[in-house]
Amino acid sequence: MRPFLIKICGLSTAETMVAALDAGADMVGLVFHRNSPRSVSLEAAASLAGIARGRATIVALSVDPSDEGLDAIMRHANPDLFQLHGSETPERCVEVKALTGRPVMKVLGVAEPADLASLPDYVPHAAQFLLDAKPPKDAAYPGGQGKTFDWQVLKGIDPQTPFLLSGGLTPENVGTAIATVRSLGLALAGVDVSSGVESAPGVKDIAKIQAFIRSARTASLEATP
């Protein structure tokens, strides 16, 4: 049985990074998108990655990154995984993997069944998937909007394709999310949170991080078939 993964994304201070690690986060995300309130500099990312290395999977979130941008992230943060949160094609996923030597997590924004039509095209090329709430058309950045989506939309996914669920998750609703998605017979591999553990955009709340991880861990065990 694969381990259930809990990912805390958008960490930007040493204090909250340590809190997430101490609480048992399996994956920690560093955001490299200037429009996001959670964006970190390359120098800050290097320091944060140093804290996390060996304790959790370090994930670099990028939106349609250039080759030069990927190289800079590798040189400073040396992440374990690249999370591609833009309009990257399956072919670009292959290129990112080749350029960095790191596996790729592809994010798909979901609002309706049609948004999942491209998922099979990415399966051979992405090591992991994250299904997030589709952002508004005028959104300044693609994730961390604090909105959920109708989890029933996921019914059409191949039950053999594992993925992490994101989008508006909080300590209060993550248990329901896990139970609901598992009830659809899908291979829910984990959950991801960013705005749901914040006191303000980009400001992580340690108590909320701890509560989220505790709730998700408990629910994942209860919901295991």
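See the structure above.
This text gives an overview of the structure that appears in the document. What you see is a predicted model, and the numbers here were worked out from it, not measured in a lab.

Section: the sheet that holds strand S4 (residues 81-84)
In step 1: Spatial ordering of the closed barrel is given by S1-S2-S3-S4-S5-S6-S7-S8, a layout of eight strands whose pairing is parallel. Between one strand and the next, the sheet's axes are offset by a mean angle of 30 degrees, whatever the strand orientation.
In step 2: Most of the contacts of helix H7 (residues 206-222) go to strand S1 (residues 5-8), to which it runs at about 165 degrees, and overall it touches S1 and strand S8 (188-193).

Some thoughts on the nonpolar core
In step 1: In this structure, Ile 8, Leu 30, Leu 154, Phe 163, Leu 165, Val 191 and Phe 212 are the most contacted members of the largest nonpolar core, which totals 59 residues.
In step 2: Sequence-distant contacts of Leu 165, that is, excluding residues within four places in its chain, are made with Leu 131, Phe 149, Trp 151, Leu 154, Ala 177, Val 181, Leu 188, Gly 190, Val 191 and Asp 192.
In step 3: Ranked by size, the runner-up nonpolar core spans nine residues in total, among them Leu 5, Val 59, Leu 81 and Ala 189.

Quick word on the state of the cysteines
In step 1: Applying the stated criterion across every chain, the model contains zero disulfides.
In step 2: In this structure Cys 9 is not part of a disulfide, and its nearest cysteine sulfur, from Cys 93, lies 17 Å away.
In step 3: Overall, Cys 9 belongs to the buried group, its relative accessible area being 4%.

A few points about unusual backbone geometry
In step 1: With a phi close to 45 degrees, Asp 64 is a non-glycine residue in the positive phi region.
In step 2: Among the structural elements, Asp 64 can be located in the loop between strand S3 (57-62) and helix H3 (67-77).
In step 3: Residue classification places Asp 64 among the partly exposed residues on the basis of a relative accessible area of 41%.
In step 4: One non-glycine residue, Asn 78, lies in positive phi territory at about 45 degrees.
In step 5: With respect to the element layout, Asn 78 can be found in the loop between H3 and S4.

Basis of the calculations
- Residues numbered from 1 in each chain as written.
- Predicted model: local features only at pLDDT ≥ 70, side-chain atom pairs only at ≥ 80, totals over all residues.
- Heavy atoms only, no water.
- Pairing = 2+ DSSP bridges.
- Helix = DSSP H or I, 4+ residues; strand = E, 2+ residues; numbered from the N terminus.
- Axes fitted to C-alpha atoms, helices over the stretch in contact; angles between N-to-C directions.
- Contact = heavy atoms within 4.5 Å.
- Core = buried A, V, L, I, M, F, W, Y, C linked by side-chain atoms within 4.5 Å.
- Buried < 20%, exposed > 50% of the residue type's maximum accessible area, 1.4 Å probe, protein only.
- Disulfide = S-S within 2.5 Å.

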